[in-house]
2 protein chains.
Amino acid sequence: MDLTGSLDLLWGDRPGPRRGPKPALTHDLIARTGIAIADAEGLAAVSMQRVAADLGFTKMSLYRYVPGKSELVALMADLAMGTPPADPGGDDRCARLRAWALALLPGFVRHPWVLEATTGPRVVGPNELAWMEAALAVLDGTGLGGAARMDVLAVLAGHVRNIAQQAATTPGGDTGTQFGAILAEVVRERGDRFPAVKAALAEAAEGGEDEALGFGLDLILDGLRARIGDPGRADPA
Amino acid sequence: MDLTGSLDLLWGDRPGPRRGPKPALTHDLIARTGIAIADAEGLAAVSMQRVAADLGFTKMSLYRYVPGKSELVALMADLAMGTPPADPGGDDRCARLRAWALALLPGFVRHPWVLEATTGPRVVGPNELAWMEAALAVLDGTGLGGAARMDVLAVLAGHVRNIAQQAATTPGGDTGTQFGAILAEVVRERGDRFPAVKAALAEAAEGGEDEALGFGLDLILDGLRARIGDPGRADPA
DNA sequence: CCAAACTGTGTCCATCGGAAGCAATTCTAT
DNA sequence: ATAGAATTGCTTCCGATGGACACAGTTTGG
């Protein structure tokens, strides 16, 4: 796996050549075209051919800008996540982390393919690193060690990813094939062998509102609050 | 997206035909062959051609057993995760959930491609459902609602997935390209723009042992302990 | 002014997932 | 026992994909 290609591309460490025809495309334009395709039809619909066609160019011209498809997808993913919002500040670090996590969700919901594109070891891009920086900055000055701070970040981001994954629909537009719906379908006729799952599903369907994201964040942040001296409710009601 | 194919295959609802030549292969054998390839060379190396070749058959013969590649991958993933261990029991539900989460990790570490294979909406297989059942059974009888019980499960499993993802190495055997190593490489020359990340990484590298999994679990389970009346240490010390 | 450098394109290739049809094999019904 | 039906594994074929390579046209520096 060659990571220098992704690294140079994502971080834009390219000396600008001066001779020859002026480039008609930019990394940004190419990536945005790919994002549009992935948003509408899923990551599988993103091919070099397709991206080039949507831009009005031939497939091979893209290779003048991007070393390969995986690097293009990495570029798309980093661009799609955008930059983190400004830290609201304040004394309650947990509240700030909560805001950070809540801000992370829309990107995953609007671009569900980013979940696919960012599984496994990869080169971290500028935007992803900026998100990490924002969360770690909040954790600066707590008694937590470096590894622990990274862990808090991983747990929070992981939870947001999970929620986004459950909410993700099939790109084709099959709104009925959400993860929960599929699960319910599977359990319907086999519930006897999985009574706890059956009960939880039935109760959840009856209960109404889905507060998965907030509930999980409260769970994690309550645990965190106990480890750092921070204002906020000590009694979780 | 046709889910009936995956559904029937994963759950083995196939009436056994009696006429014709006896099948030379089984779902189990095919899936295990695919797993061996994915373990050694990554999920990308798993093609119908390759699986068939390793079995000594032609590519198209596999389609007599499996409707398509995605269904094969789903079968591989469910088989690779195996069945959950027996619940140790006891009064401390959090300890039981901790054991459950710890038992979940080895499967992801041994088969990193399962993370890729199980992103996005999918048909849940028997083994995955058994893992869900095991965790939800522990949460039975707590005051938590159905949706909340599912959320606890999602948070725990999500954290384990995240840890496994960070520990995953490139399939090709590039042991140096773990996620943390790549991250460190990126930050090395750009640390000034990301001071919090730089500090956390430096401190983590110096600190030594990596307790990411346990730390995150403690975080989550402490938050959970506050919501269910359960024995266990109240002071996280 | 010319050679070097760069861009976009056309051609070519191996590989992939999968459809369709064919021959051989085995079971069921007579 | 035997004919027909069902099933298997194989061969052939197809469109699409990612990517290598060479080529012609364009721009710029010496």
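Heads up: these notes are all about the structure in this document. Computed from a predicted structure; not experimentally measured.

Cut-off values and rules
- Residues numbered from 1 in each chain as written.
- Chains lettered and ligands numbered in written order.
- Predicted model: local features only at pLDDT ≥ 70, side-chain atom pairs only at ≥ 80, totals over all residues.
- Heavy atoms only, no water.
- Helix = DSSP H or I, 4+ residues; strand = E, 2+ residues; numbered from the N terminus.
- Buried < 20%, exposed > 50% of the residue type's maximum accessible area, 1.4 Å probe, protein only.
- Contact = heavy atoms within 4.5 Å.
- Areas by Shrake-Rupley, 256 points an atom, 1.4 Å probe, with all protein chains shown as cover.
- Buried area = accessible area lost by both parts, 1.4 Å probe.
- Polar contact = N/O pair within 3.5 Å; in protein donor to acceptor, adjacent residues only side chain to side chain.
- Phe/Tyr/Trp six-rings, centres within 6.5 Å; stacked < 30°, edge-to-face > 60°.
- Lys NZ or Arg CZ within 6 Å of the ring centre and 35° of its normal.
- Near = heavy atom within 4 Å.
- Nonpolar A, V, L, I, M, F, W, Y, C, P; charged D, E, K, R; others polar.
- Least-squares fit on C-alpha atoms with pLDDT ≥ 70 in both.
- Expected span 1.5 Å × (residues − 1).
- Core = buried A, V, L, I, M, F, W, Y, C linked by side-chain atoms within 4.5 Å.

Moving on, we get to the overall build of chain A. When helices and strands are counted, chain A shows 12 helices and 0 strands. If you list the helices and strands of chain A from N to C, you get α-α-α-α-α-α-α-α-α-α-α-α. Buried residues in chain A amount to 50% of all 237 residues. Restricting the contact set of chain A to residue pairs at least 6 apart, pairs at least 24 apart contribute 71%. Summed over all atoms, the accessible surface of chain A reaches about 11200 Å², with 53% contributed by carbon and sulfur.

So, on to the interface of chain B and chain A. Opposite the 74 residues of chain B that make contact, chain A presents 75 residues. Summed over both partners, the interface of chain B with chain A comes to about 6200 Å²; 70% of that surface belongs to carbon and sulfur atoms. The largest contributions to the chain B side of the interface with chain A come from B:Phe215, B:Leu219 and B:Arg227, which together make up 10% of the buried area. Applying the counting criterion to the chain B and chain A interface returns 10 residue pairs in polar contact (both at pLDDT 80 or more). Of all elements in the fold, only α1 (3-11), α7 (126-139), α8 (146-167), α9 (179-190), α10 (195-207) and α11 (212-225) of chain B reach the threshold of two or more residues within the side of chain B that touches chain A.

Where two aromatic rings form a pair, the distance of their centres and the angle of their planes describe that pair. Applying the stated criterion across every chain, the model contains 4 aromatic pairs over all chains. Aromatic side chains A:Trp11 and B:Phe194 sit 6.1 Å apart centroid to centroid with 85° between the ring planes, which places their arrangement in the edge-to-face category. One end of the pair, A:Trp11, is in helix α1 (residues 3-11); the other, B:Phe194, is in the loop between α9 and α10, on a second chain. When sorted by exposure, A:Trp11 lands in the same class as B:Phe194, which is buried. Seen from their ring centres, B:Trp100 and B:Trp131 are 6.0 Å apart, and the 65° between their planes marks the pair as edge-to-face. You can see B:Trp100 sitting in helix α5 (residues 93-110) and its partner B:Trp131 sitting in helix α7, a full 31 residues away along the chain. One exposure class covers both B:Trp100 and B:Trp131, and it is buried. The cationic tip of B:Arg190 hangs over the ring face of A:Trp11; the distance from NZ or CZ to the ring centre is 4.7 Å.

Moving on: the protein's contact with DNA strand D. Surveying the vicinity of DNA strand D reveals 26 residues, the closest of which are A:Lys59, B:Ala24, B:Thr58, B:Arg64 and B:Tyr65. Take the atoms of DNA strand D that sit within 4 Å of the protein: sugar and phosphate atoms are 53% of them. Here A:Met48 contributes a backbone N or O atom positioned 3.1 Å from a phosphate oxygen of DNA strand D. One of the backbone nitrogen or oxygen atoms of A:Lys69 is found 2.9 Å away from a phosphate oxygen of DNA strand D. For the surface near DNA strand D, a count of residues per class yields 12 nonpolar, 6 polar and 8 charged.

What follows deals with the relation of the copies chain B and chain A. In screw terms, the move from chain B to chain A is a rotation of 180° and a rise of 0.0 Å along the axis, fitting with an RMSD of 0.2 Å. One copy is carried onto the other by what is essentially a two-fold rotation axis. A symmetric contact is evident, with 100% of the interface residues of chain B recurring at the interface of chain A.

To continue, consider the protein's contact with DNA strand C. The full set close to DNA strand C counts 27 residues, and A:Ala24, A:Thr58, A:Arg64, A:Tyr65 and B:Lys59 are the nearest of them. Each atom of DNA strand C within 4 Å of the protein was assigned to sugar, phosphate or base; sugar and phosphate come to 55%. Between A:Thr58 and DNA strand C, the recorded distance is 2.7 Å, taken from a side-chain N or O atom to a phosphate oxygen. Between A:Tyr65 and DNA strand C, the recorded distance is 2.6 Å, taken from a side-chain N or O atom to a phosphate oxygen. Counting residues per element, the ones that place at least two in the surface near DNA strand C are α4 (59-62) of chain A together with α3 (48-55) of chain B. Its residues placed into classes, the surface near DNA strand C shows 12 nonpolar, 7 polar and 8 charged.

Glancing now at α11(B). The terminal C-alpha atoms of α11(B) lie 20 Å apart, and with 14 residues this matches the ideal 20 Å at 1.5 Å per residue to within 8%. By the criterion of burial, α11(B) is predominantly enclosed, with 14 of the 14 residues buried.

So, on to the nonpolar core. In summary, soluble globular proteins display a tendency toward joint burial of nonpolar side chains. By size, the foremost hydrophobic cluster in this structure holds 150 residues, and its most contacted members are A:Leu129, A:Leu224, B:Leu129 and B:Leu224. Contacts of A:Leu224, omitting those with residues within four sequence positions, involve A:Cys94, A:Leu97, A:Leu139, A:Leu144, A:Val152 and B:Leu219.

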